[in-house]
Amino acid sequence: MTNDLSIPASVLIIAQNAEKHLRRCLDSLKAFKEVVIIDGGSKDKTEEIAKTYPNVKFVKNPWPGFIPQRNVSIDNASYEWCFMIDSDEAATPELVEEIRKVVEKNDRKIAMWRVVRTEYFEGAAIEYGHGRSDYQERLFLRDRTRYTGGNHHLHLIDGIDLGKQPHLMADFPRHVRVLHDPDYDLDAMITKMPRFSMLIGSEKFNKGRRVSAPEVIFSFVWTAIRMSWRSRKMGKRGIVLAFMKAYSDSLAKLYIYDLQNFRNIKQSEADKKYVG
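What counts, and at which threshold
- Residues numbered from 1 in each chain as written.
- Predicted model: local features only at pLDDT ≥ 70, side-chain atom pairs only at ≥ 80, totals over all residues.
- Heavy atoms only, no water.
- Helix = DSSP H or I, 4+ residues; strand = E, 2+ residues; numbered from the N terminus.
- Rg over C-alpha atoms; globule rule 2.2 N^0.38 Å.
- Buried < 20%, exposed > 50% of the residue type's maximum accessible area, 1.4 Å probe, protein only.
- Contact = heavy atoms within 4.5 Å.
- Areas by Shrake-Rupley, 256 points an atom, 1.4 Å probe, with all protein chains shown as cover.
- Lys, Arg positive; Asp, Glu negative; His and termini not counted.
- Charge placed at Lys NZ, Arg CZ, Asp CG, Glu CD.
- Pairing = 2+ DSSP bridges.
- Patch = residues over 30% accessible without salt bridge, like charges linked within 9 Å, V, L, I, M, F, W, Y side chains within 5 Å.
- Salt bridge = Lys/Arg side-chain N within 4 Å of Asp/Glu carboxyl O.
- Core = buried A, V, L, I, M, F, W, Y, C linked by side-chain atoms within 4.5 Å.
- Expected span 1.5 Å × (residues − 1).
- pLDDT = per-residue confidence, 0-100.
- Phe/Tyr/Trp six-rings, centres within 6.5 Å; stacked < 30°, edge-to-face > 60°.
- Lys NZ or Arg CZ within 6 Å of the ring centre and 35° of its normal.

### Observations regarding the overall build of the chain
Item 1. When helices and strands are tallied, the chain shows 7 helices and 13 strands.
Item 2. Taking 276 residues into account, the globule formula puts the C-alpha radius of gyration at 19 Å, and the chain, at 21 Å, falls close to it.
Item 3. Projecting the C-alpha coordinates of the chain onto the three principal axes gives extents of approximately 60 × 55 × 40 Å.
Item 4. When each of the 276 residues of the chain is scored for burial, the buried share is 45%.
Item 5. Counted over contacts in the chain with a minimum sequence separation of 6, partners at least 24 positions apart contribute 73%.
Item 6. A total accessible area of about 15,000 Å² is found for the chain, and carbon and sulfur atoms account for 55% of it.
Item 7. One finds the centroid of the 44 positive side-chain charges in the chain at a distance of 4 Å from the centroid of its 37 negative side-chain charges.

This is how it looks when you write it as structure tokens:
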């Protein structure tokens, strides 16, 4: 059982095959009365680990996509204030105490609080250039907030885009942070990036984006140069991050190019094969 000093707020996590990082995450959240984990179909020990924590509410929901799953987590929250965190992140003790103050004050004039997430790459915190540590929307009022958008999700407050209502948002001090995976490296980035680029490319294609072959080619070169300059303070790590950003952006454009040139051909071939 949680004690009387625990924070009356719901922490929201969407997870799938998260056993590698989950204990670190949940250990940082012991001060909260409730941690809601929405599991999209894990095959590892995610559920087993989660159920060893008395404040965890574990809910199975077949993966419907990022935005719907985020909203499912809100629907399963028991408390008025919700704090969103990923399974490969951890909350610092300083952040936990700042959240406690907000929850206890319960000033509903502010519906969303932003927190800086510390980004790591190859053993170092990234504070400059591309991929630097920056503010993200994390703590919000449950009954006023919904997720919307595509792969880069947006927040609706009272049904209106948060970006049009900056007066409803406040920032925690910059030193109060969520910490990403400190072991994040090039291997992890290469594993995740192709699928993410495909999702971004598909989303933009469906919104009408089209590209030319020269744009795909020059996108890599220009982005690599621009990001290398922006990330110069990070030295060799900055070079790697800049080239991976160029790779990601050009791969998304290449996927758009593929869709616009071969989508109809692929569809007609499938019709011939399966429909006759």
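### Here we look at the sheet that holds strand β9 (residues 145–149)
Item 1. One open sheet accounts for 3 strands, arranged β9-β10-β11; its pairing is antiparallel. Pairing within the sheet leaves two strands with one partner each, and these edge strands are β9 and β11 (160–161).
Item 2. Judged from the 5 bridges that link them, β9 and strand β10 (residues 153–157) form a sheet pairing that is antiparallel. Bridging across to β10, T145 finds its partner in I157.

### A few points about a nonpolar patch on the surface
Item 1. Together, V221, W222 and I225 give the surface a local cluster of nonpolar side chains, amounting to about 330 Å² of exposed area.
Item 2. Structurally, the position occupied by I225 is in helix α6 (residues 213–230).

### Describing the nonpolar core
Item 1. Formed by 53 residues in total, the largest nonpolar core has its most connected members in I13, L29, I37 and F83.
Item 2. Apart from the residues lying within four places of it in its own chain, the contact partners of I37 are I13, A15, L22, L26, A50, V56, K57, F58 and V59.

### Structural notes on α6
Item 1. The terminal C-alpha atoms of α6 lie 26 Å apart, and with 18 residues this matches the ideal 26 Å at 1.5 Å per residue to within 8%.
Item 2. Turning to α6, its buried residues number three or more, namely V216, S219, T223, A224, M227 and S228.

### A word on the pairing of β10
Item 1. Two elements, β10 and β11, share 2 bridges in a ladder whose sense is antiparallel. Residue I157 lies in a different strand from β11, and its bridge partner there is I160.
Item 2. Between β10 and β11, which pair antiparallel and follow one another directly, the connecting turn spans 2 residues, one of which, D158, has a positive phi of 55 degrees.

### Thoughts on unusual backbone geometry
With the exception of glycine, the majority of residues adopt a negative phi angle, and the majority of peptide bonds are in the trans configuration.
Item 1. Positive phi, normally seen in glycine, also occurs at E122, with a value near 50 degrees.
Item 2. Considering the arrangement of structural elements, one finds E122 in the loop between β6 (112–121) and β7 (124–126).
Item 3. Judged by relative accessible area, which is 39%, E122 ranks as partly exposed.

### Let's talk about the confidence of the model for the chain
Item 1. When pLDDT is averaged along the chain, the result is 91, and 93% of the positions lie at 70 or above.
Item 2. For residues 267–276, every residue scores under 50 in pLDDT, and the model assigns this stretch 2 contacts once sequence neighbours within four places are set aside.

### Thoughts on the packing of aromatic side chains
Item 1. This model, assessed by the stated rule, comprises 5 aromatic pairs.
Item 2. Considering the side-chain rings of W63 and F66, the 5.0 Å spacing of their centres and the 90 degrees angle between planes classify their relative orientation as edge-to-face.
Item 3. Measuring from ring centre to ring centre gives 6.2 Å for F140 and Y147, while their planes differ by 85 degrees; the resulting arrangement is edge-to-face.
Item 4. You can call Y147 buried: its relative accessible area is 4%.
Item 5. The ring centre of W229 lies 3.9 Å from the NZ or CZ of R232, which sits over that ring.

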